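Topology and contacts: notes
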Amino acid sequence: MEIAKEAVAGGADWIEIGTPLIKSEGMNAIRTMRKAFPDRTILADMKTVDTGAMEVEMAAKAGADVVIVLGSADDSTVLDALRSAHKYGVRLMADLISAPDPVKRAVELEALGVDYVNVHVGIDQQMVGKDPISVLMEISEKVSVQLAVAGGLDVESAAQAVKAGARIVIVGGNITRSDNVTEAAMKIRKSVDSPDSVNIRSRETVDQEIREIFKEVSTSNISDAMHRKGAMKGIHPLVRGKMVGPAITVQSFPGDWAKTVEAIDLAKPGDVIVIYNESKDVACWGGLATLSSLNKGIAGVVIEGAVRDIDEVENLGLPIYTSNTVPNAGDPKGFGEINAEITCGGQTVKPGDYIIGDESGVVVVPKERAYELARRAKEVNKTEKRLFDEIRRGGTLSEILELKKWEKH
Ligand SMILES: O=C(CO)[C@H](O)[C@H](O)COP(=O)(O)O
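Below you will find a few notes about this structure. As the structure is a computational prediction, the values presented were derived from the model and not from experiment.

Some points on the side chain of Gln-125
Within the secondary structure, Gln-125 sits in helix H7 (residues 123-127). Given the relative accessible area of 19%, Gln-125 is considered buried. The contact partners of Gln-125, leaving out residues within four places of it in the chain, are Ile-97, Ser-98, His-120 and Lys-130.

What follows is the structure, encoded as structure tokens:
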């Protein structure tokens with residue numbers, strides 16, 4: 001309710017009751033919003049896939065103005081939903097989320113008679129890099145039904161969507177999980193009203209985007225996004241500083257520091273050297289290796305094993321995370337391997353996996369899922385910002401999360 005009030009203050013015309021809210025609170029979510037916002041259009045995202053007439057009737061009687069049916073539902077469901085919508089005086093929007101051929105289906109849905117077609121890329125799909133704008137452009141050339149668009153829209157993509165022909169712009173997380181909902185809604189409003197005034201930046205490479213996001217979020221955000229996995233055990237910051245980069249791995253052996261130091265020469269600027277050395281009593285890393293790493297532009301070092309020359313490495317400032325410190329080193333014997341799969345801090349690390357370190361410790365993100373997990377961590381980060389904002393206003397975490405209600409039963 002607070003978020004809805006703040007979004008309306010920022011210029012939102014419609015209030016969408018999202019599917020998760022409908023699933024957790026049922027039709028009462030629609031009734032409550034209807035009562036609180038008598039002059040706003042209430043959109044009920046039922047995502048109906050069967051019993052179209054019954055679900056439209058429920059939402060309409062609770063106070064919705066527009067009800068969403070899944071575009072990929074059977075024609076019989078869409079048609080019966082439409083009959084019910086006409087009977088109860090509401091409008092029907094068909095949502096193209098996950099439709100196998102969205103362009104073809106949009107044409108069919110227009111022919112079936114829906115009031116709106118929503119070109120929608122779902123939240124999970126956004127996390128793997130999909131966005132709705134290019135499909136929207138294609139669809140808007142083929143239909144004249146009013147088009148809505150949704151799927152991770154922000155100030156820039158909202159403007160692009162309007163220019164591509166969208167009449168309704170549905171924005172979720174970039175408003176609802178902002179730490180200033182009113183301001184976020186105002187910015188979207190402005191971009192929808194004057195799309196030509198918005199400067200569209202060119203996109204970074206995927207690797208740049210991953211690094212940028214991991215720099216913005218915390219290791220705790222990332223571990224949450226990985227369902228509490230990915231954190232190294234027993235590895236702590238020795239020289240503090242945010243560290244982000246792909247791993248170059250080193251498997252070394254007690255008393256030997258040859259491979260740990262040779263890895264510096266193989267590493268590229270921005271890499272993180274991740275070392276497993278069995279010995280907690282003989283150092284495999286020290287001040288000279290640290291200075292060499294700085295010369296190569298390495299982002300940081302993680303060592304399950306021991307580091308020495310602590311005064312020097314602290315002064316040099318390269319982020320180092322380790323399990324132990326000792327004064328004595330071994331010798332460069334030459335055992336071990338560079339860029340083999342290793343275990344460090346209890347986590348499997350492959351070359352190229354993303355390694356992120358901060359005050360809380362180190363997490364490992366498998367390279368195959370780096371983009372998705374960066375995006376998901378950013379969502380966790382946004383949610384936490386919103387929670388901080390609500391707690392600052394005087395609440396407590398358990399009140400805001402309704403912890404008792406949502407404990408596992
Ligand atoms: O229907 C939804 C998810 O299925 C969302 O409401 C819609 O995608 C808008 O949210 P966001 O802008 O965060 O994608």
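This is not the end of the story, as more comes after the structure.
Things to note about the site of the ligand
Around the ligand, a shell composed of Glu-16, Asp-45, Lys-47, His-120, Ile-123, Gln-126, Gly-151, Gly-152, Leu-153, Val-171, Gly-172 and Gly-173 is seen. Between the ligand and His-120, the relevant distance is 2.8 Å, taken from an oxygen atom to a side-chain nitrogen or oxygen of the residue. Contact distances for the ligand include 2.8 Å between an oxygen atom and a backbone N or O atom of Gly-172. Here the ligand loses 86% of its free accessible area of 370 Å² to cover by the protein chains. Listed by contribution, the elements that provide at least two residues to the shell around the ligand are strand S2 (41-48) and H7. Tallied by class, residues from the shell around the ligand come to three nonpolar, six polar and three charged.

Describing the pattern of salt bridges
Within the structure shown, the criterion is met by 34 salt bridges. As a salt-bridge pair, Glu-379 and Arg-177 come within 2.8 Å of each other at their nearest N and O atoms. A residue pair is termed long-range when its members are at least 10 positions apart, and Glu-379 in helix H17 (residues 370-392) and Arg-177 in the loop between helix H10 (173-176) and helix H11 (181-193) qualify at 202 residues. The exposure class of Arg-177 is partly exposed, given its relative accessible area of 22%. When salt bridges with common partners are traced through the structure, they connect Glu-6, Arg-386, Asp-389, Glu-390 and Arg-393 into a single cluster.

Focus on the packing of helix H14 (residues 258-266) against helix H15 (residues 287-296)
To characterise two packed helices, one gives the angle between the axes of the helices and the distance between these axes. H15 packs onto H14 with a crossing angle of 15° between their chain directions and a minimal axis gap of 9 Å. Between H14 and H15, the crossing angle belongs to the class labelled roughly parallel. H15 is crossed by H14, and the crossing has left-handed handedness. Here Val-261, Ile-264, Asp-265 and Leu-266 of H14 lie close against H15, whose contacting residues are Ala-289, Ser-292, Ser-293 and Lys-296. For the contact of H14 with H15, the per-class residue count stands at four nonpolar, two polar and two charged.

Quick word on unusual backbone geometry
Of note, the phi angle at Arg-228 is positive, near 75°, even though the residue is not glycine. Locating Arg-228 in the fold gives a position in the loop between helix H13 (219-225) and strand S8 (236-239). Unlike most non-glycine residues, Asn-339 shows phi in positive territory, near 65°. Of note, Asn-339 is situated in the loop between strand S14 (337-338) and strand S15 (342-344).

Concerning the sheet that holds strand S6 (residues 146-150)
The strand order across the open sheet formed by seven strands is S1-S2-S3-S4-S5-S6-S7, and the pairing between neighbours is parallel. The sheet terminates laterally at strand S1 (14-17) and strand S7 (168-170), the two strands that pair on one side only. Strand-to-strand twist in this sheet, taken as the mean axis angle between neighbours without regard to direction, amounts to 25°. The sheet contact formed by strand S3 (residues 66-70) and strand S4 (residues 91-95) spans five bridges and is parallel. Each residue of the ladder has a partner; that of Val-67, found in S4, is Leu-92. Each of S2, S3 and S4 is contacted by helix H4 (residues 52-62), which is oriented at about 150° to S2, the strand it contacts most.

Some thoughts on the pairing of S3
Taking burial as the measure, the five residues of S3 include five buried ones, the bulk of the element. Relative to S3, S2 runs parallel, the two being bridged by three bridges. Bridge pairing in S3 links Ala-44 to Val-67. Handedness of the crossover joining S2 and S3 through H4 is recorded here as right-handed. Once you follow S3 into helix H5 (residues 75-88) and on to S4, the crossover reads as right-handed.

Rules used throughout
Residues numbered from 1 in each chain as written. Predicted model: local features only at pLDDT ≥ 70, side-chain atom pairs only at ≥ 80, totals over all residues. Heavy atoms only, no water. Helix = DSSP H or I, 4+ residues; strand = E, 2+ residues; numbered from the N terminus. Buried < 20%, exposed > 50% of the residue type's maximum accessible area, 1.4 Å probe, protein only. Contact = heavy atoms within 4.5 Å. Near = heavy atom within 4 Å. Polar contact = N/O pair within 3.5 Å; in protein donor to acceptor, adjacent residues only side chain to side chain. Areas by Shrake-Rupley, 256 points an atom, 1.4 Å probe, with all protein chains shown as cover. Nonpolar A, V, L, I, M, F, W, Y, C, P; charged D, E, K, R; others polar. Salt bridge = Lys/Arg side-chain N within 4 Å of Asp/Glu carboxyl O. Axes fitted to C-alpha atoms, helices over the stretch in contact; angles between N-to-C directions. Parallel < 35°, antiparallel > 145°, perpendicular 65-115°, else oblique. Left-handed = near helix turned anticlockwise from the far one by under 90°. Pairing = 2+ DSSP bridges. Right-handed = clockwise from strand over helix to strand, strands pointing away.

What is shown is where atoms sit, not what they do.
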